Amino acid sequence: MATMSDMDSMATKTYWQLPSAAQPAITESGQPDIGVARALADPASLDESRVSNRYDVIDLPTLNIAGWYDIFLQGSLDNFVGMRARGRTARLVVGPWDHFTLGSRWNAGRVGEQSFGLGSTLPDGRTLTDITRGWYDHWLKELPATEEHESGVLLFVMGANQWRQEAEWPLTRAEATPLYLGEDSTLSWEAPTAEGSGSGYVYDPADPVQTRGGNLVMSPEYPPGPFDQREAESREDVLVFTTPPLEAGTEITGRIRATLFASTDGPSTDWVVRLCEVDAHGVSRNITDGITRVHTEPARIDEVEVDLWSTSILIRAGHRLRVHVTSSNFPRWDRNLNTGEPVTEGTTTRVAQQRILHDRNHPSRITLPVVRN
């Protein structure tokens, strides 16, 4: 019950406790380490826990089921890719789900603030239970194989709200297409030509940007999925870059990465990038996001790569794409205290002066896998 009480106070107390690696909800009640403390003390110990280190010895067909807003999304996609790269039979099913609604019909196809329709709960018109049983019927009961026992992908394209069969992941026909951060909060398909252009903000770990949606498994105050991001966008410590309305529908299917030319005035900080869709009413909802922690030198310009994981979504004509750049997404990620202290020790915060360059010589950008029809 002491642990339950700690879990109930996550949003107001436990998430905020420092050092961030203390895990008070576990340690204060005398429970054993579940591997986190060990991994922080000895990062090499993570190797024995990673599926990706065992692809060569897993000589089995695999059925991978994932959700676009699940905390385990990218790991599931990577496992499919890893097994296919070794010639193993593997299937992948990805829907517009979070961790708790994988294929569930109780929420009527709604995730976060968006509804993707009842069809989103039935991959190709079947329940996940039927898909799983069909898979086992052949591989465990030796019943006759069908097309569903061959390698392939079934994915849900959000926006179009349709299921689609694919032979592979990632899609080779997806074109890596950069969108460039620019002056006056612009986001453009054209590379910047300006000299010395940049944007700055102040990041205070005592007042972090609050998590709202995304790939989450957290306390109830932080539900997963797509949510309106306009409150975050109104903050002075969130840089916002937006395209003009798109002239044609644009499908983004695959892994998204950002490249920032960034500097801070301290020894360490975090860089957060979020991709959003802005609808015809001006509502901005998150699609993907990512974070990179850097250890640097004050005022040094670093080229920073940020992995935003993967998605499949059709951005309709008239809608806009938007990119956030900031330094916190809390409590999804622990706050960087800007001091360079290890997460097992840091308890003191410092305010950081942040700068993102977006000029001809420093083309900060987000690279999207665009599928042309």
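Look above for the structure.
Residues numbered from 1 in each chain as written. Predicted model: local features only at pLDDT ≥ 70, side-chain atom pairs only at ≥ 80, totals over all residues. Heavy atoms only, no water.

**Student:** Which parts of the structure should I look at to understand the sheet that holds strand β15 (residues 320-326)?
**Tutor:** Working definition: the strands of a sheet are paired by backbone hydrogen bonds and lie parallel or antiparallel to each other. If you trace the four strands from one edge of the open sheet to the other, you get β10-β15-β12-β13, paired in antiparallel fashion. The sheet terminates laterally at β10 (239-242) and β13 (284-295), the two strands that pair on one side only. Across the sheet, the axes of successive neighbouring strands diverge by a mean angle of 15°, strand direction being ignored. Taken together, the four bridges between β10 and β15 define a ladder with antiparallel strand orientation. Bridging across to β15, Phe241 finds its partner in Val323. (Pairing = 2+ DSSP bridges. Helix = DSSP H or I, 4+ residues; strand = E, 2+ residues; numbered from the N terminus. Axes fitted to C-alpha atoms, helices over the stretch in contact; angles between N-to-C directions.)

**Student:** Could you clarify how one ought to interpret the sheet that holds strand β2 (residues 90-98) in this entry?
**Tutor:** Spatially, four strands are ordered β1-β2-β5-β6 in an open sheet, and the strand pairing comes out mixed. Where the open sheet ends on each side, the last strands, each with one partner, are β1 (62-69) and β6 (162-166). Mean inter-strand twist for the sheet, computed between neighbouring axes without regard to direction, equals 20°. Of the strand pairs in this sheet, strand β5 (residues 152-157) and β6 are connected by five bridges, and their pairing is antiparallel. What sits directly across from Leu155, in β6, is Arg164.

**Student:** Just checking my understanding: could you explain the nonpolar core for this structure?
**Tutor:** Side chains of nonpolar character tend, in soluble globular proteins, to be buried together. Trp68, Leu260, Leu275, Ile366 and Leu368 are the most contacted members of the largest nonpolar core, which has 56 residues in total. Among the elements that make up this core, the one with the highest residue count is strand β14 (residues 302-315) (six residues). Residue contacts for Leu275: discarding those within four places in its chain leaves Ile256, Arg285, Asn286, Ile287, Thr288, Leu308, Leu321, Arg322, Val323, Ile366 and Leu368. (Core = buried A, V, L, I, M, F, W, Y, C linked by side-chain atoms within 4.5 Å. Buried < 20%, exposed > 50% of the residue type's maximum accessible area, 1.4 Å probe, protein only. Contact = heavy atoms within 4.5 Å.)

**Student:** Please explain helix α4 (residues 73-85) as it appears in this structure.
**Tutor:** Since there are 3.6 residues in each turn of an α-helix, residues three or four apart along the chain are aligned in direction. Taking 1.5 Å per residue, 13 residues should reach 18 Å; α4 reaches 19 Å between its end C-alpha atoms and fits that length. Among all positions of α4, only Leu73, Gln74, Ser76, Leu77, Asn79, Phe80, Gly82 and Met83 are buried. Those residues of α4 hidden inside the fold are in contact with β1, β2, β5, β11 (250-264) and β14. Just past α4, the residue Gly87 takes up positive phi, approximately 80°. (Expected span 1.5 Å × (residues − 1).)

Structural measurements only, silent on function.
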